[in-house]
Amino acid sequence: MADDRGTGMLDQLASYGTVLDAATDAQPVNETPLREIIDLEPVRRPRRVWPLVGVAAAVLLVLVGVVVFMRDSNPDSSQPAGVNHVRSDVDVLARFSLQWAGPWGIAYDGRDVWTGEEAIVTDPDGSSRPVIQVVRRNATTGAPIQTIPVPQESINAIASDGYGAIYVAGGGDGGVPETTVSRIDAASGTVTFTTRLTSPCSCQLAAGLGGVWLGGNGSDHAYRLDGTGKIAAEVALHQRATSLAVVGPLLEVGLVDSRVAVVDPSSSDVVRTIDLVRPGEGPAGGDRPVVAITPVVGPDKGQSWATRVDGTSFLVDAGGIVTRFLRFNPPVDSVARLGDDLYAMFGPAGFDISVRSTVDASRARIRVARRAGELSSGRPGSLVATAHNLWATDADPGRTTIVVRPRRPK
Amino acid sequence: MTSDREAQPVGQECNVAIEEIAVRVRRALVAAYGVEVGSEAAADAVAWAWEHREAIGAMQNPGGYLYRVGQSAARRYRDRPIRLPEVPASTVDDVLIDPRLPVALEGLSARQRSAVILVHAHGYGLTEAAGVLGISVSALRNHLGRGLRHLRVALGEDDDG
């Protein structure tokens, strides 16, 4: 009888294996927001490490005790009461407010940062009115350098081609139906043309390839304006676009169905469609829009990182092959590349900047996770990289903006 | 990974090897951490494997290595309870499972639970299960014996049989 009972339990265990496999297959993966990024290097020989961990923990406790004692015993501590002391991995260089501008209303031209803003001016008769303007700001301090009024009724996006042309787009939404695009000559600070598009597109701009491209924000077309403001191309996309970037000699458009459409500007045709899927995920599609396309510069020019809203970034080589991927915390709102690192900004409120290093374009290895603590009380907006800093704005009216410089890992 | 090209970024042999290892690693992590956390940790481990597939191909025990990667990933979910699926009311493979079995398994240590589930629920050999868990066969046998003994006590069965 005893043997029967024992065998019975083992039989139940064997059948329970089927239940476990079925439950595991039915378990949705990666749908739970991850609160922290950790280095996924494996635990190495944990048993032998434990004594060292114990010693390190004891030393750490002593040090923490000493610090706490010293802080408590010093009433003139420089830390204000009530401040949540989050260890930051960035230095905050500047914090200021941009008056309302569109979600992509910041651009870096290789030297200065251009922002789209609204100012209230008072006329001689005492009345006040809003003025839409582009402000050129110092990339480190955020201090205004130059103000250029533009004809848009609101600014939705700004882009620089890196060669002295700043493009500004506005309208194309419910408030201002027509889309207008203007070109600013950075040297003279003058608007050289303004074009009205009959097809509204309240979307992003990508400058380069002899003009400027409009696309994204749900539009299923991409438009190219040449250097004189004429519509040089209109590209039909098979899906709604959510992001775009000039990558090498091509335009890459992120789509709502986790695909990237590659457009050849010489023919204005979609020459390739890239599926952004991880192994084992099944075909592309569904509701995982590509929120950012970030070109890789330097020797690996022609590659790009395409990031889905669930926080997975794919390295796409110049031939359209996905060669690497890595994962940020989902959901990601904006991505920027600074040096060899990709930075992602995510919410929902009180946004952080976190980083996963790419180290180099061929390894895509996660090197370090860094947090900047709570940077704003608003929802995450846009993240733009300059030569050494990151500009992060929230998406709320007032556009709280911070300029941060990441500390290099020791 | 692209829709219009036949070329693959990695070799098919490597693909198959990682997918085979992934099954074992996922079962081991689910046994240790429950379905929810184990599945997430396994997804992270497999992602790590794809990012480092050249290194994985050169390892003697890639399953054990990936299991430890999954353990690292599981640390971020350590505040979540271990949950194993309830048993269905009907028979499974013509066997009626004691509804107390999942709770009894949850009461074991992670190592004991992993050993019991890998060997007796999934039918792995001692060597194979020990390899995935990164422990010796004798250690696995110890965990297995203790785990089964605790299970019998929890389910009200005699320990002498």
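For clarity, every value in this text was computed on a predicted model and none was experimentally measured.

Participant: Tell me what's going on with a nonpolar patch on the surface, and back it up with residues and numbers.
Facilitator: Residue and element names in this part refer to chain A. A cluster of nonpolar residues, Val55, Val59 and Leu63, forms a patch on the protein surface that exposes about 270 Å² of accessible area. Inspection of the secondary structure assignment puts Val55 in helix H2 (residues 46–72). A relative accessible area of 52% means that Val55 is categorised as exposed.

Participant: An account of the confidence of the model for chain B is requested, with residue identities and associated values reported.
Facilitator: All names here are of chain B. Looking at chain B as a whole, the pLDDT averages 81, with 87% of positions reaching at least 70. Looking at the elements of chain B, mean pLDDT is at its lowest for helix H2 (residues 53–57), recorded as 75, and at its highest for helix H5 (residues 110–121), recorded as 93. Across residues 1–12 the pLDDT falls below 50, and counting only partners more than four positions away or on other chains, this stretch makes 25 contacts in the model. Here the prediction assigns the complex a pTM of 0.57, and the interface score ipTM is 0.84.

Participant: Any details on helix H7 (residues 137–154) of chain B? Residues and values, ideally.
Facilitator: All names here are of chain B. With 18 residues, H7 should cover 26 Å at 1.5 Å per step; its first-to-last C-alpha distance of 25 Å lies within 8% of that length. Those residues of H7 not exposed but buried are Ala139, Leu140, His143, Leu144, Gly147, Leu148, Leu151 and Arg152. Residue Gly156 follows H7 closely and has a positive phi angle near 75°.

Participant: Explain the packing of H5(B) against H7(B) residue by residue, including any values.
Facilitator: Residues and elements named next belong to chain B. For the pair H5 and H7, the least separation of the axes is 8 Å and the interaxial angle reads 95°. One element, H5, and the other, H7, form an angle in the roughly perpendicular class. Counted together, Arg111, Gln112, Ala115, Val116, Val119 and His120 of H5 and Leu140, His143, Leu144, Arg146, Gly147, Leu148, His150 and Leu151 of H7 form the full contact between these two elements. Taken together, the residues that form the contact of H5 with H7 break down as seven nonpolar, five polar and two charged.

Participant: Now, about the packing of aromatic side chains: what can you tell me, with residues and values included?
Facilitator: Residue and element names in this part refer to chain A. In the structure shown here, the tally under the stated rule is two aromatic pairs over all chains. An angle of 70° between the planes, with centres 5.6 Å apart, marks the rings of Phe96 and Trp391 as edge-to-face. Of this pair, Phe96 sits in strand S1 (residues 90–97) while Trp391 is found in strand S27 (residues 390–394), placing the two residues 295 residues apart along the sequence. Owing to a relative accessible area of 16%, Phe96 belongs among the buried residues under this scheme.

Participant: Any details on the side chain of Arg113(B)? Residues and values, ideally.
Facilitator: All names here are of chain B. Secondary-structure assignment places Arg113 in helix H5. Buried charged residue Arg113 carries no salt bridge. Nearest counter-charge: Glu106, at 7.6 Å. Once residues within four sequence positions are removed from consideration, Arg113 is found in contact with Ala31, Ala32, Ile82, Leu84, Leu105, Glu106 and Leu108.

Participant: Outline the pattern of salt bridges, supporting the account with residue identities and numerical values.
Facilitator: All names here are of chain A. Per the stated rule, a full pass over the model turns up ten salt bridges over all chains. Put simply, Asp112 and Arg136 hold a salt bridge, and the shortest N to O gap is 2.9 Å. Residue Asp112 is found in strand S3 (residues 112–122), and its partner Arg136 is found in strand S4 (residues 128–138); the two are separated by 24 residues along the sequence. Across the pair, Arg136 and Asp112 agree in class, each one buried. One salt bridge in this structure joins Arg259 and Asp257, with 2.8 Å as the shortest N-O distance. Look at Asp257 and you get buried, because its relative accessible area is 5%. It is possible to trace a salt-bridge network through shared partners that takes in Asp257, Arg259 and Asp275.

Participant: Describe the sheet that holds strand S20 (residues 312–316) of chain A, listing the residues and the values that go with them.
Facilitator: All names here are of chain A. Spatial ordering of the open sheet is given by S18-S19-S20-S21, a layout of four strands whose pairing is antiparallel. Each having just a single partner strand, strand S18 (290–295) and strand S21 (322–327) make up the two edges of the open sheet. Between one strand axis and the next, the sheet turns through 20° on average, direction left out of account. Bridge count for S18 against strand S19 (residues 304–308) is five bridges, and the pairing is antiparallel. What sits directly across from Thr294, in S19, is Trp305.

Participant: Which residues make up H5(B), and what values go with them?
Facilitator: Extensive coverage of H5(B) is indicated by the burial of ten of its twelve residues. All buried positions along H5(B) are accounted for by Gln112(B), Arg113(B), Ser114(B), Ala115(B), Val116(B), Ile117(B), Leu118(B), Val119(B), His120(B) and Ala121(B).

Participant: For the sheet that holds strand S17 (residues 269–275) of chain A, give the residues involved together with the corresponding values.
Facilitator: All names here are of chain A. Within the open sheet, the four strands sit side by side as S14-S15-S16-S17. Their pairing is antiparallel. Each edge of the open sheet carries a strand with a single partner, namely strand S14 (241–247) and S17. Neighbour-to-neighbour, the strand axes of the sheet open up by a mean angle of 25°, direction not taken into account. Relative to strand S16 (residues 259–264), strand S15 (residues 250–255) runs antiparallel, the two sharing four bridges. Across the sheet, residue Val253 finds its bridge partner in S16, namely Ala261.

Participant: Before we move on, can you summarise the environment of Trp213(A) with the specific residues and values?
Facilitator: All names here are of chain A. Along the chain, Trp213 falls in strand S11 (residues 211–215). Judged by relative accessible area, Trp213 falls into the buried class, the value being 0%. Considering only alpha carbons, one finds Trp213 and Glu234, 21 residues apart in sequence, at a separation of 9.5 Å.

Participant: For the nonpolar core, give the residues involved together with the corresponding values.
Facilitator: Core analysis: the largest hydrophobic core is formed by 72 residues, its most contacted members being Tyr16(A), Leu276(A), Leu105(B) and Leu151(B). It is helix H1 (residues 12–51) of chain B that provides the largest number of residues to this core, a total of 19 residues. Among all residues touching Leu105(B), those that are not within four sequence positions of it are Leu13(A), Tyr16(A), Leu84(B), Arg113(B), Val116(B), Ile117(B) and Leu151(B). Of all hydrophobic cores here, the second largest spans 16 residues; its members include Ala157(A), Ala169(A), Phe193(A) and Leu225(A).

Calculation criteria
Residues numbered from 1 in each chain as written. Chains lettered and ligands numbered in written order. Predicted model: local features only at pLDDT ≥ 70, side-chain atom pairs only at ≥ 80, totals over all residues. Heavy atoms only, no water. Patch = residues over 30% accessible without salt bridge, like charges linked within 9 Å, V, L, I, M, F, W, Y side chains within 5 Å. Areas by Shrake-Rupley, 256 points an atom, 1.4 Å probe, with all protein chains shown as cover. Salt bridge = Lys/Arg side-chain N within 4 Å of Asp/Glu carboxyl O. Helix = DSSP H or I, 4+ residues; strand = E, 2+ residues; numbered from the N terminus. Buried < 20%, exposed > 50% of the residue type's maximum accessible area, 1.4 Å probe, protein only. pLDDT = per-residue confidence, 0-100. Contact = heavy atoms within 4.5 Å. Expected span 1.5 Å × (residues − 1). Axes fitted to C-alpha atoms, helices over the stretch in contact; angles between N-to-C directions. Parallel < 35°, antiparallel > 145°, perpendicular 65-115°, else oblique. Nonpolar A, V, L, I, M, F, W, Y, C, P; charged D, E, K, R; others polar. Phe/Tyr/Trp six-rings, centres within 6.5 Å; stacked < 30°, edge-to-face > 60°. Lys, Arg positive; Asp, Glu negative; His and termini not counted. Pairing = 2+ DSSP bridges. Core = buried A, V, L, I, M, F, W, Y, C linked by side-chain atoms within 4.5 Å.

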